[in-house]
Amino acid sequence: MKTLTQVPLGTQVLFGPAVKRRRRVERLVFSIFSRWKYEEIIPPIFDYYDVFSKGMGAELEETLYRFVDREGNLLALRPEFTSLVAKTVATRLQDRPKPLRLCYCGDVLRYEAPRGGRQRESFQLGIENIGGERVACDAEVIQVAMEALQRVGIDRFQFNLGEMGFFAGLVERFGLSAQDLSRIRKLIDRKDPVGLQAEMERLQLSPRRREVLHALLHLTGNGETIDAARRLVSNEKSLSALDNLAGLYAELQRRKLAQHVTIDLSEVRGLDYYTGIIFKIYVPGLGFEVGSGGRYDNLLKNFGCDLPSVGFTFFLERLMALPLKLR
Amino acid sequence: MSKPVKSEEILSVALSKGRLQDATLELLGRAGVELDTSEAGSRKLIFRDRSGCFQFFMLKPVDVPTYVEYGVADLGIAGWDVLLESESDVHQPLDLGIGRCIMAVAGPRTTARKNYRELSAVRIATKYPRITTDHFTRQGVPVEIIYLSGSVELAPRLGLSERIVDLVATGRTLADNGLQVIEPICEVSARLIVNRASYQVKRQAVSRLIQRLADSLNR
């Protein structure tokens, strides 16, 4: 029997100076969000299971806290905010002028082994930009994230920018099962050439295809990476992903933000709902990304309203682990 | 040290004590990392190389992935066995080819003749519960794990379990204890692992070290 004083694994309690510090960080980050006219939305802490499971991907779906209500409906605690914001916009705010700018902060819950900068209960702060023009909104979201970091005193950071469409186009004609594909994705994400080689042999991929996937592991760097990638593929989907990336990179250069950006086409891990650009935010001195984001053009369709969208979120506990300047 | 290296450019590397230690130090030497042998060979747990570009931690092998996952060490050298068992979320860009051996199911000759698939459950003593569970359940065979932290080869002799799962290098230790390999599970060698954030933020220094190690392997 557990005693009343025991705490469940993966939960946290803040008090004293830690509370003051956290509220300050929230306020400062939110001050940037509101300067960019992002309006706060407070979604529910739980919703129907399907709201989250659609688009999350099998791996993350396993981490949902599920429960059944008295009517027998399957519900889940929110593991992220984007699905809830998307649902609200699709069902109730679809007629508002675009782009819609919304921001949120609050707890998310995931049932996973508490390790490596992950808790079961954690705190996210983020924005969603819905229904706007693609390149401008992608760039805006990245700029907001950068300004928010600077506002809390972080001047050195790196945004790793990838494009989901590039990899998707690459493997489309391989005819792999979802399971095989997820294994390949995992190996690329781990930058593991040995495992990748073995897996490609098992799947009997042609030498040409093996070569391309191998090259993908090293497709990372500045704007030139996009050109290098272009020489590697001929399918339309990948090429259009690269055009898209090149357009965004040029826009970031124009906004004088590109020095913080690394193009990384081996960045293939993300929620299943991401369709275009994805990015992860790294800060020197911390072993985990402090935030991530991306474009999810098909998510709102699940809720009956077709609007392209992009957003990002900060993982607040990780942000708090950095030496911040909170003035 | 010739010229001072800025602290943020120093790469910290977690190394495994014990089985991999000598081969690791030798490999680093071949890759042009000049270690002060008196330091590396001594019982010092933290030491630098001559250029001052690297800082090394000597750790218990199972702890290497942990230090790297948290970014306390930017890179690490750890056995594939340890990585499989820890399921750490780290990059694995290089197979270093040192410390080669196999992970295998083993037991006394009389046991080896019996087909464990016909048992209602297999009982296995091991230091590697995750690898073992994975191996048997994948075949649809229920497994009862007896977790041990060392001297696993004694378990059959002392009657704790008929079979074990452990690393086999030469097979000497097995033979000395009257055991033999029943079936191999996978090949094992040391891997270079890299923290996800370090891989991005210290890209140049990390790539340079990966390249130097890769070159020394091909030589």
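Reading the values: rules and limits
Residues numbered from 1 in each chain as written. Chains lettered and ligands numbered in written order. Predicted model: local features only at pLDDT ≥ 70, side-chain atom pairs only at ≥ 80, totals over all residues. Heavy atoms only, no water. Helix = DSSP H or I, 4+ residues; strand = E, 2+ residues; numbered from the N terminus. Buried < 20%, exposed > 50% of the residue type's maximum accessible area, 1.4 Å probe, protein only. Contact = heavy atoms within 4.5 Å. Areas by Shrake-Rupley, 256 points an atom, 1.4 Å probe, with all protein chains shown as cover. Pairing = 2+ DSSP bridges. Axes fitted to C-alpha atoms, helices over the stretch in contact; angles between N-to-C directions. Buried area = accessible area lost by both parts, 1.4 Å probe. Salt bridge = Lys/Arg side-chain N within 4 Å of Asp/Glu carboxyl O. Polar contact = N/O pair within 3.5 Å; in protein donor to acceptor, adjacent residues only side chain to side chain. Nonpolar A, V, L, I, M, F, W, Y, C, P; charged D, E, K, R; others polar. Arc of directions from axis to C-beta. Phe/Tyr/Trp six-rings, centres within 6.5 Å; stacked < 30°, edge-to-face > 60°.

Draft legend 1. Molecular detail of the overall build of chain B. Within chain B one finds ten helices and eleven strands. Summarising its shape, the C-alpha atoms of chain B cover approximately 65 × 35 × 30 Å along the three principal directions. Taken across its 219 residues, chain B has 48% of its residues classed as buried. Taking all contacts inside chain B whose residues are at least 6 apart in sequence as the whole, residues at least 24 apart take part in 69%. Per element, the accessible surface of chain B, about 10,700 Å² overall, is 49% carbon and sulfur.

Draft legend 2. Fine view of the sheet that holds strand β10 (residues 277-282) of chain A. Residues and elements named next belong to chain A. Read across the open sheet, the nine strands follow the order β1-β5-β6-β12-β11-β10-β7-β9-β8; overall the sheet is mixed. Looking along the sheet, the strands with just one partner apiece sit at the ends: β1 (39-40) and β8 (220-221). Bridge count between strand β7 (residues 158-163) and β10: six bridges; the pairing is antiparallel. Looking at β10, one finds that E163 is bridged to I277. Of the strands in this sheet, β1, β5 (100-109), β6 (121-130) and β12 (309-315) touch helix α1 (residues 17-35), which is tilted by about 5° from β6.

Draft legend 3. View of the interface of chain B and chain A. Listed per partner, the contact involves 22 residues of chain B and 23 residues of chain A. Carbon and sulfur atoms supply 43% of the area that chain B and chain A bury against each other, a total of about 1,900 Å² over both sides. At the junction of chain B and chain A, the tally comes to one salt bridge. The shortest N-O distance in the salt bridge between B:R196 and A:D189 comes to 2.5 Å. Linking chain B with chain A are eight residue pairs in polar contact (both at pLDDT 80 or more), by the criterion used here. Of all the secondary structure elements, the ones that give two or more residues to the side of chain B that touches chain A are α4 (80-86), β5 (91-95) and α9 (196-201) of chain B. When residues in the side of chain B that touches chain A are grouped by element, the largest group, five residues, is from α9(B). Grouping the amino acids of the side of chain B that touches chain A by side-chain chemistry returns seven nonpolar, seven polar and eight charged.

Draft legend 4. Looking closely at helix α1 (residues 21-30) of chain B. Residues and elements named next belong to chain B. Among the residues of α1, those classed as buried are Q21, T24, L25, L27 and L28. Seen end-on, α1 carries its buried residues on one side only, within an arc spanning 160°. Just downstream of α1, G32 is the residue with a positive phi angle, here 85°.

Draft legend 5. Quick look at unusual backbone geometry. Here A:K98 and A:P99 are connected by a cis peptide whose omega angle stands at -5°. Turning to its location among the elements, A:P99 is positioned in the loop between α4 (82-92) and β5. Non-glycine residue A:K37 carries a positive phi angle of around 70°. On the secondary structure map, A:K37 appears in the loop between α1 and β1. The class for A:K37 is exposed, based on a relative accessible area of 64%. The phi angle at B:S151 is positive, at roughly 45°, despite the residue not being glycine. Take B:S151: it is sitting in the loop between β8 (143-147) and α7 (154-158).

Draft legend 6. Region of the structure containing the packing of aromatic side chains. Residue and element names in this part refer to chain A. Taken as a whole, this structure holds 14 aromatic pairs over all chains when the rule is applied. A centroid spacing of 5.6 Å and a plane angle of 55° characterise the contact between F30 and F33, whose relative ring orientation is tilted. In this pair, F30 and F33 both sit in helix α1, three residues apart, roughly one turn of the helix. Overall, F30 belongs to the buried group, its relative accessible area being 15%. Residue classification places F33 among the buried positions, given a relative accessible area of 0%. Grouped by ring-pair contacts, the aromatic residues F30, F33, F312 and F314 constitute a single cluster.

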